[in-house]
Amino acid sequence: MFDDFFIRALFVGIGMALVTGPLGCFVVWRRLSFFGDTLAHSALLGITIAYTMEINIALSVFIVSSLVALMLLKLEKTTNLPTDALLGLLAHSSLAVGLVVIGLIATIRFDLMGLLFGDILAVNVNDIIIVWFGGALILLVLKLIYKPLFASTVNYELAEAEGMKPEKVKAIFTLLLAAIIAISIKMVGLLLITGMLILPAAIARNISSNPKGMVIYSVIAGLMSVLIGLFSSLEINTPSGPSIITAGLILFVLSLIKIKRSSQLKS
Amino acid sequence: MESSDNLLVKMEKAGVFINNKWLVKDVSLEIEKGKIITLIGPNGSGKTTTAKMALGLYKNISGKVEKFTKKIAYVPQKISIDWTLPIRVFDFMNLTSDLQDQEINEALEITGAKHLLNNDLKSLSGGEFQRVLMARAVAKKPDLLVLDEPVQGVDFTGEIELYELIKKISETLKCGILLISHNLHVVMSKTDHVVCLNGHVCCSGTPISVANNKKYQELFGEDVSKILSIYEHKHDHKHGVDGSVEEN
């Protein structure tokens, strides 16, 4: 069944959309889109390390992204710089260091475009297993921390006062973000991961009135982006990763119609 | 000692020192089941800080704060909710607990906000939101209820209703209530113990003893204190008609 490259790509894309949908909602709610971007940039460094040390890419990316995330939490506490400045600093410097390392190890030839935009059509059965098992694990953990994470997203102090552990769930959520980036980097590439996290959630926000509804719509929007993007890339021979994101963008524009309608109804 | 069973929070010389400044210091107080403690004081006198210390929201405090319960409900003074979140009153009611629909409805009913159940949180007015916040706290059936200016944005009649409600909550749930209020006169008659803050505990005791305290009168000016005593008097009469609430 997994013989055909296109079927493999579909399986990986669907697995990814199932995970980025719910995670993306929290990224949007907690205003973490730039944070996701920073983690994605740092993934390049993870990949080069994986190549030089010959270890698993997903593992290496996960470790580097987690370290960058922890570094951010630490810097937030010890410096007076605003978070967005720190994020910019970490994003660009880890990307730069990654590129410098690539330059140093001249023996390895990198497909830089592949790293930036991914190649979902080149996935193998191993990738499918990583995405589905890793994804299931991420969703399971997210389900376990959903209540305190959501409560502290709505109001940090309220959640803490009433016995939840906002700091702990924040750290766990950060690791989940690092994990989804680690397992999906090969498919959509580091420039498009934040797109997969944000677009479906943004589409869902336009058409939903409650948090659970938004999570469900976000998954549906992600699945539709993957299906439309992949099939059209096959039909009209466009790069598949960017096609998925473009499909998401088109869905987003369509979802604006609903907003326009409901605001007309109000007035 | 039989009172130790009822003790919910014990603060001893507690204080918060941040950015080379004491937000509040040397606060000692006890919150007991079934009792209402009211914190009063001018702006910046450390009322909210004291409440947050009682809730355990500060990591580094001087002195000692002991909490003897985990069933806590909190109505914060200002709640800024990020509107990227689509959230209805119903979802908000279940924020930190899993309530039955019936519990949610009952709680919204007693704060007069039942009709808002399916409304978007964003669409509520200040007063409506305050009632929903109260309902959420009540629905949790806490041992300790911390209310930071729970009546702001509520109109005057609604305000009195809400204070009646707070009294009722403390009686039915037998919970301890830590109440912060800017509206001294309405609060007074419903309170067991008043702590007047001004960076430290300026004076404390029963409502009447605080109202008659020199330090309190200096802090708020004589006029305010006079108004206060008049209201206090009025409320005494009301209670004579109501029953013997004050007598317990």
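Relevant structure appears above.
What comes next concerns the included structure. Quick caveat, the model's predicted, so the values are computed rather than measured.

Relative to the elements of secondary structure, alanine 161 of chain A occurs in helix 7 (residues 156-161). Not counting chain neighbours up to four residues away, the residues in contact with alanine 161 of chain A comprise Leu55, Leu57, Ile72 and Tyr74 of chain B.

This brings us to the packing of helix 6 (residues 125-154) of chain A against helix 8 (residues 166-188) of chain A. Residues and elements named next belong to chain A. The contact between helix 6 and helix 8 brings their axes to 9 Å, and the two run at 160°. Between helix 6 and helix 8, the crossing angle belongs to the class labelled roughly antiparallel. Crossing handedness for the pair helix 6 and helix 8: left-handed. On helix 8, the residues touching Asp127, Ile130, Val131, Gly134, Gly135, Ile138, Val141, Leu142, Ile145, Pro148, Leu149 and Ser152 of helix 6 are Pro166, Val169, Ile172, Phe173, Leu176, Ala179, Ile180, Ile183, Ser184 and Lys186. Classifying every residue of the contact of helix 6 with helix 8 gives 16 nonpolar, four polar and two charged.

Each α-helix winds once per 3.6 residues, and so residues spaced three or four apart point in a common direction. Residues and elements named next belong to chain B. Most of helix 2 (residues 47-55) sits out of view: eight of its nine residues are buried. The set of residues buried in helix 2 consists of Lys47, Thr49, Thr50, Ala51, Lys52, Met53, Ala54 and Leu55. Positive phi shows up at glycine 56, right after helix 2, with a value of about 80°.

Right, let's get into the sheet that holds strand 3 (residues 36-40) of chain B. All names here are of chain B. Across the sheet, which stays open at both edges, the six strands sit in the order 5-6-7-3-8-9 with mixed pairing between neighbours. With partners counted over all chains shown, the strands left at the sheet margins are strand 5 (72-75) and strand 9 (201-205), one partner each. This sheet shows a mean twist of 15° between the axes of neighbouring strands, independent of strand direction. Judged from the four bridges that link them, strand 5 and strand 6 (residues 144-148) form a sheet pairing that is parallel. Across the sheet, valine 75 pairs through a bridge with leucine 147, a residue of strand 6. Along the sheet, helix 6 (residues 156-173) contacts strand 3, strand 6 and strand 7 (176-180); its crossing angle with strand 7, the most-contacted strand, is approximately 160°.

About the criteria used
Residues numbered from 1 in each chain as written. Chains lettered and ligands numbered in written order. Predicted model: local features only at pLDDT ≥ 70, side-chain atom pairs only at ≥ 80, totals over all residues. Helix = DSSP H or I, 4+ residues; strand = E, 2+ residues; numbered from the N terminus. Contact = placed C-beta atoms within 7 Å. Axes fitted to C-alpha atoms, helices over the stretch in contact; angles between N-to-C directions. Parallel < 35°, antiparallel > 145°, perpendicular 65-115°, else oblique. Left-handed = near helix turned anticlockwise from the far one by under 90°. Nonpolar A, V, L, I, M, F, W, Y, C, P; charged D, E, K, R; others polar. Buried ≥ 20, exposed ≤ 12 C-beta atoms within 10 Å, placed from the backbone. Pairing = 2+ DSSP bridges.

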